[in-house]
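In case you want the letters, here they are:
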Protein chains: 2
Amino acid sequence: MDYIISERVKTLKPSAIREIFKYAADPTVVSLSAGNPAPEAFPVKEIAEISNKLLTEDPIAALQYSVTEGYAPLRKAVAERMKKKYHVGTEDDDLIITSGAQQVMDLITKSTVNEGDTVICEAPSFIGSLNSFRSYNARLCGVPLESDGMNLEALENALRNEKNVRFMYIITNFQNPSGVTTSLEKRKKIYELAKKYSVMIIEDDPYGELRISGENVPPIKSFDTDGLVCYAGSFSKVLSPGMRLGYVIAPKPIVQKMVVCKQGEDVHTNVWAQMVAHRFMTEYDFEAHLENLRSIYRKKVNFCLELLDKYLVPNKITYQPIEGGLFIWCKLPQGVDMNDFCKQAVLRKVCVVPGNAFLTNEAEQCSSFRINFSTPTDEQLEKGIKILGELAKEIL
Amino acid sequence: MDYIISERVKTLKPSAIREIFKYAADPTVVSLSAGNPAPEAFPVKEIAEISNKLLTEDPIAALQYSVTEGYAPLRKAVAERMKKKYHVGTEDDDLIITSGAQQVMDLITKSTVNEGDTVICEAPSFIGSLNSFRSYNARLCGVPLESDGMNLEALENALRNEKNVRFMYIITNFQNPSGVTTSLEKRKKIYELAKKYSVMIIEDDPYGELRISGENVPPIKSFDTDGLVCYAGSFSKVLSPGMRLGYVIAPKPIVQKMVVCKQGEDVHTNVWAQMVAHRFMTEYDFEAHLENLRSIYRKKVNFCLELLDKYLVPNKITYQPIEGGLFIWCKLPQGVDMNDFCKQAVLRKVCVVPGNAFLTNEAEQCSSFRINFSTPTDEQLEKGIKILGELAKEIL
């Protein structure tokens, strides 16, 4: 049988990261390539306690079919918190629960992007989202990322010249993979450009709660008086990624279409997990838990930066400073073959993610790679970065 | 802001059933419109036991990111059982876990159907799947369903005359909404037609384990020596729908593309739920549990059929006999306005699903409606069907 594959996914490849993730399952390999939250950041005891109680008190609700929009008390709790804490969400917005924030990208693209339409992304950007856009045959247009957000001139050029631009995709805090946080000034200017060109913004914010230094920067969605911004949030980094819980706060006409699409995709998100998240948010001290996460990651980041300063910087590898998130973007000197460097690292049993995986055009030149410090233990981190340093010393 | 909605979903409406489901949340309404498994069919005690153990023994695996294909031990357990018990799955097939069987429909359509391509469906068929196909701008072609499966002449006509037919969608056992089981003879002929016209079959089998009388009919997939059939299974009716667990057994080239699409949709399915399902299948007596389900549903069906014979049949409403599943397809006499009948029923606080919701063209004439007997209590069932009978007596 000659299988016919649709045009939209014919050239779509598995995410390099998900593939590396499998390779990194080899226990002798030090994986700096994942994006997994630190195991010690999971509130295991609380989750077990809640789940046990739930399956005693209200098992049928947790196990039966539910509504596509999500478990109403969880929707309410998240909406109230986001409104109160970040001024996110207006009367013209609605909030639904999704199967991870990844599904937000899928549903918005499905709802608003025709095949061949354009999506503007930061370059580099999160490959999972890029692949989601690609899977609907969107044309990706990458705008170079600077240390405080997208280059605005390049952005306006893209908005002016690209055809049928449907939205700009921005990870505002501790961007994956670059670690960059878009400054308040740029957030405001990007919003003005969105308004000027009538183009929506998807603000993806999975890492916002993981700030370990500096001041919170208001989300673009917090000054969205024109209904231009779809804000995507996630429980993956603050509760558990295995539970697959995300949400979107967006203008009602968009959310309505997303709900119809979600019905056809997975009917609704695992409701047991939704009820656990709701009880964790409302019956426990959620803010104290987040504070605890930040102190776990603060230690991890500082330890990692020390290692980078000790092993990589003296060997000509630089990195982008960060104030939170899970990733550090390391840069090789000009002229060095980055892909070859990453391959050599794998041969020495250290996995990092080659930077071009995050570009809208993977064939483009890129001299950076991404490392993650949240998943490995301190010992693994030191071992891995030391090996990278030795490799750099030899070949750079 | 004028929101732009993509062509593919512009005319897509929420599923009538999901909408009625919300309405039916009114506790004074007797809902015969859902498709929920009977609450007493959930192995609550066992699920709680497994989950507690799991969160004690292996919490990080249950809460951390996992692989897109699904939890390997669960994939293995399902594949082995389906092979051994139903001869489903060959060396050229692969099995992945999905977020409910609904996601199978989405992922196959996304992977194989270009906009404007044709999907052949039974008429009537499950609206959730139809909407999934519609959401990729597939052209739906309905083939009339007879009491033993599709009309083969109409099917071959469609295969001969429709352009770019990508697959036929068939719910082989106790079809939703009609209750029809496709006979072995027709299964074989449908397979031969698929081969003759090089068109894939999606065999959707969420209810197969809920047979309460008669003999099991081999799945089409069990005689698929040519790699033509994608078989979709579900845990929703045998474990819990709220956990959102399904699977697909299909030729490797198709599964590979589905995996890439799933990465972009939800990364992977809730792994906690997958681990619970695995332990339930392997550490408990799964077959005895299924036998228990069948005895629960046998009682429900028989009770429901008695009520139909008592209240509806004498008032000119007939029904399609069933040997399992969750639904009964009732038929009004020719010339009666079925939609008006359903509206009148709602005014008397009984919800059923108007049959045209299940047609590829909802505007088509339809004189049937669907009732569900698994969700309501015996008292609700009797009350609801009695009211339908009184209504029929008055207006037919």
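Please refer to the structure placed before this passage.
Residues numbered from 1 in each chain as written. Chains lettered and ligands numbered in written order. Predicted model: local features only at pLDDT ≥ 70, side-chain atom pairs only at ≥ 80, totals over all residues. Heavy atoms only, no water.

A closer look at the sheet that holds strand E5 (residues 149-150) of chain A
Residue and element names in this part refer to chain A. Defined as follows: Each pair of strands is called paired provided DSSP finds at least two bridges between the two strands. Runs of E in the DSSP output that reach at least two residues are strands. Runs of H or I that reach at least four are helices, and both are numbered from the N terminus. Only heavy atoms matter for contacts: two residues are in contact if any of them lie within 4.5 Å across the pair. Between N-to-C directions, angles span 0 to 180 degrees; the directions come from axes that are lines fitted to C-alpha atoms, helices contributing only their stretch in contact.
With mixed pairing, 8 strands are arranged side by side in an open sheet as E2-E9-E8-E7-E6-E3-E4-E5. Whereas interior strands pair on both sides, the edge strands pair on one side only; in this sheet they are strand E2 (93-98) and E5. When E2 meets strand E9 (residues 246-251), the two strands line up antiparallel, connected through 6 bridges. Opposite Asp94, over in E9, you have Ala250 as the bridge partner. The sheet contacts of helix H5 (residues 72-86) involve E2, strand E8 (229-234) and E9, and relative to E2 the element is tilted by about 125°.

Focus: the interface of chain A and chain B
Put simply, an interface is often sized by how much accessible area is lost when its parts join up. Rule in force here: Buried area is understood as the total, over both parts, of accessible area removed when two parts are fitted together, assessed with a 1.4 Å probe. Criterion for a salt bridge: a side-chain nitrogen of Lys or Arg within 4 Å of a carboxyl oxygen of Asp or Glu. Here a polar contact is recorded for every N or O atom pair within 3.5 Å, except that within protein the pair must consist of a potential hydrogen donor and a potential acceptor, and residues adjacent in sequence are included only if both atoms are side-chain atoms.
Contact residues are listed per partner, giving 86 residues for chain A and 86 residues for chain B. For the pairing of chain A and chain B, the buried interface totals around 6,900 Å² over both sides, and the portion due to carbon and sulfur atoms is 59%. Put simply, chain A and chain B have 2 salt bridges between them. Where chain A packs against chain B, one counts 46 residue pairs in polar contact (both at pLDDT 80 or more).

What about helix H13 (residues 338-347) of chain B?
Residues and elements named next belong to chain B. The criterion, for reference: Think of it in three bands: with a 1.4 Å probe and only protein chains considered, a residue is buried below 20% of the maximum accessible area for its type, exposed above 50%, and partly exposed in between. The arc in question is traced by the directions running from the helix axis to the C-beta atoms.
Those residues of H13 that fall on the buried side of the exposure criterion are Met338, Phe341, Cys342 and Ala345. The buried residues of H13 occupy one face: seen down the axis, they fall within an arc of 95°. Opposite the buried face of H13, at more than 90 degrees from it, the exposed residues are Lys343 and Leu347. Where H13 is buried, its residues meet strand E12 (350-351), strand E13 (353-354), strand E14 (368-372) and helix H14 (378-395). By the N-cap criterion, in which a side-chain oxygen at the helix start approaches the backbone nitrogen of a residue two or three places on, H13 is capped by Asp337, the distance to Asn339 being 3.1 Å. Immediately downstream of H13, the backbone of Lys349 shows phi near 70°, a positive value.

Thoughts on the pattern of salt bridges
Residue and element names in this part refer to chain A. Applying the stated criterion across every chain yields a total of 53 salt bridges over all chains. With its nearest N and O atoms 3.2 Å apart, the salt bridge here joins Lys189 to Glu185. In this pair, Lys189 and Glu185 both sit in helix H9 (residues 184-196), 4 residues apart, roughly one turn of the helix. Judged by its relative accessible area of 54%, Glu185 falls in the exposed class. In this structure, Arg211 engages Glu323 in a salt bridge whose closest nitrogen and oxygen atoms are separated by 2.6 Å. One end of the pair, Arg211, is in the loop between strand E7 (200-204) and E8; the other, Glu323, is in the loop between strand E10 (318-319) and strand E11 (327-331), with 112 residues separating them in the sequence. Assessed through its relative accessible area of 7%, Arg211 is described here as buried. Salt bridges here are not isolated pairs; linked through shared partners, they connect Arg81, Lys85, Glu209, Glu287, Glu291 and Arg294.

Structural notes on the environment of A:Val346
Topologically, A:Val346 is positioned in helix H13 (residues 338-347). Expressed as a C-alpha distance, the spacing of A:Val346 and A:Ser31, which sit 315 residues apart in the sequence, is 9.3 Å.

Focus on the packing of helix H6 (residues 101-112) of chain A against helix H10 (residues 252-266) of chain A
In helix packing, the relevant descriptors are the interaxial angle and the interaxial distance, both defined with respect to the helix axes. Residues and elements named next belong to chain A. Note the threshold: If an angle is under 35 degrees, it is roughly parallel; if it is over 145, roughly antiparallel; if it lies from 65 to 115, roughly perpendicular; otherwise it is oblique. We call a crossing left-handed when the near helix sits turned anticlockwise from the far one by less than a right angle, and right-handed when that turn is clockwise. The nonpolar class holds Ala, Val, Leu, Ile, Met, Phe, Trp, Tyr, Cys and Pro. Asp, Glu, Lys and Arg form the charged class, and all remaining residues, Gly among them, are polar.
The N-to-C vectors of H6 and H10 enclose an angle of 110°; their axes lie 9 Å apart at closest approach. Taken together, the axes of H6 and H10 lie roughly perpendicular to each other. Note that H6 runs across H10; the crossing there is right-handed. Touching Gln103, Val104, Asp106, Leu107, Ile108, Lys110, Ser111 and Thr112 of H6 are Ile254, Lys257, Met258, Cys261, Lys262, Glu265 and Asp266, all from H10. For the contact of H6 with H10, a count of residues per class yields 6 nonpolar, 3 polar and 6 charged.

Some details on the packing of aromatic side chains
As a reminder, the rule being used: For this analysis, a ring pair means two rings from Phe, Tyr or Trp (six-membered ring only for Trp) whose centres lie within 6.5 Å, classed as stacked if their planes differ by under 30 degrees, edge-to-face if by over 60, and tilted for the remaining angles.
Counted according to the given criterion, the structure contains 20 aromatic pairs over all chains. Taking the centre distance of 6.3 Å and the plane angle of 0° together, the rings of A:Tyr136 and B:Tyr136 count as stacked. With one member in each of two chains, A:Tyr136 in the loop between helix H7 (127-134) and strand E4 (139-146) and B:Tyr136 in the loop between helix H7 (127-134) and strand E4 (139-146) form a pair that bridges those chains. Given the relative accessible area of 0%, A:Tyr136 is considered buried.

Digging into the pairing of E8(A)
Residue and element names in this part refer to chain A. Counting buried positions along E8 yields 6 of 6 residues, so the element is predominantly enclosed. Both faces of E8 are covered, namely the face carrying Val229, Tyr231 and Gly233 and the face carrying Cys230, Ala232 and Ser234. As paired elements, E7 and E8 share 4 bridges and run parallel to each other. What sits directly across from Ile201, in E8, is Val229. Pairing of E8 with E9, which is carried by 4 bridges, proceeds in the antiparallel orientation. Residue pairing for E9: Gly233 is matched across the bridge by Tyr247.

What about the nonpolar core?
Note the following rule: Side-chain atoms within 4.5 Å are what join buried Ala, Val, Leu, Ile, Met, Phe, Trp, Tyr and Cys residues into a set we call a nonpolar core.
Ranked by internal contacts, the top residues of the largest apolar core, which has 227 residues, are A:Trp272, A:Ile371, B:Trp272 and B:Ile371. Counting residues in hydrophobic clusters, the runner-up holds 22 residues, among them A:Val143, A:Met150, A:Leu159 and A:Ala194.

Quick notes on the relation of the copies chain A and chain B
To be explicit about the condition: The atoms used to superpose the copies are C-alpha atoms, taken from residues with pLDDT of at least 70 in both, and the fit is least squares.
Overlay of chain A on chain B (RMSD 0.0 Å): rotation 180°, translation along the axis 0.0 Å. Such a combination of rotation and displacement between the chain copies is what one expects of a two-fold axis. When C-alpha distances to the rotation axis are compared across chain A, the minimum falls at A:Asn52, with a value of 3.3 Å. Both copies share a contact surface, since 100% of the interface residues of chain A are interface residues in chain B too.

A look at unusual backbone geometry
In this structure, A:Pro124 follows A:Ala123 across a cis peptide bond, with omega equal to 10°. For A:Pro124, the location among the structural elements is in the loop between strand E3 (118-123) and H7. At the junction of B:Asn176 and B:Pro177, the peptide bond is cis and its omega measures out at 15° in the coordinates. Mapped onto the fold, B:Pro177 is located in the loop between strand E6 (165-171) and helix H9 (184-196).

Let's talk about helix H3 (residues 44-57) of chain A
All names here are of chain A. Stated precisely, the cut-off is as follows: How far a helix is expected to stretch is found by multiplying one less than its residue total by 1.5 Å.
For H3, with 14 residues, the first-to-last C-alpha span of 20 Å sits near the 20 Å given by 1.5 Å per residue. Here H3 has its buried residues at Val44, Ile47, Ala48, Ile50, Ser51, Leu54 and Leu55. One side of H3 holds all its buried residues, which, seen down the axis, span an arc of 165°. Turned more than 90 degrees away from the buried face of H3, the exposed residues are Lys45 and Thr56.

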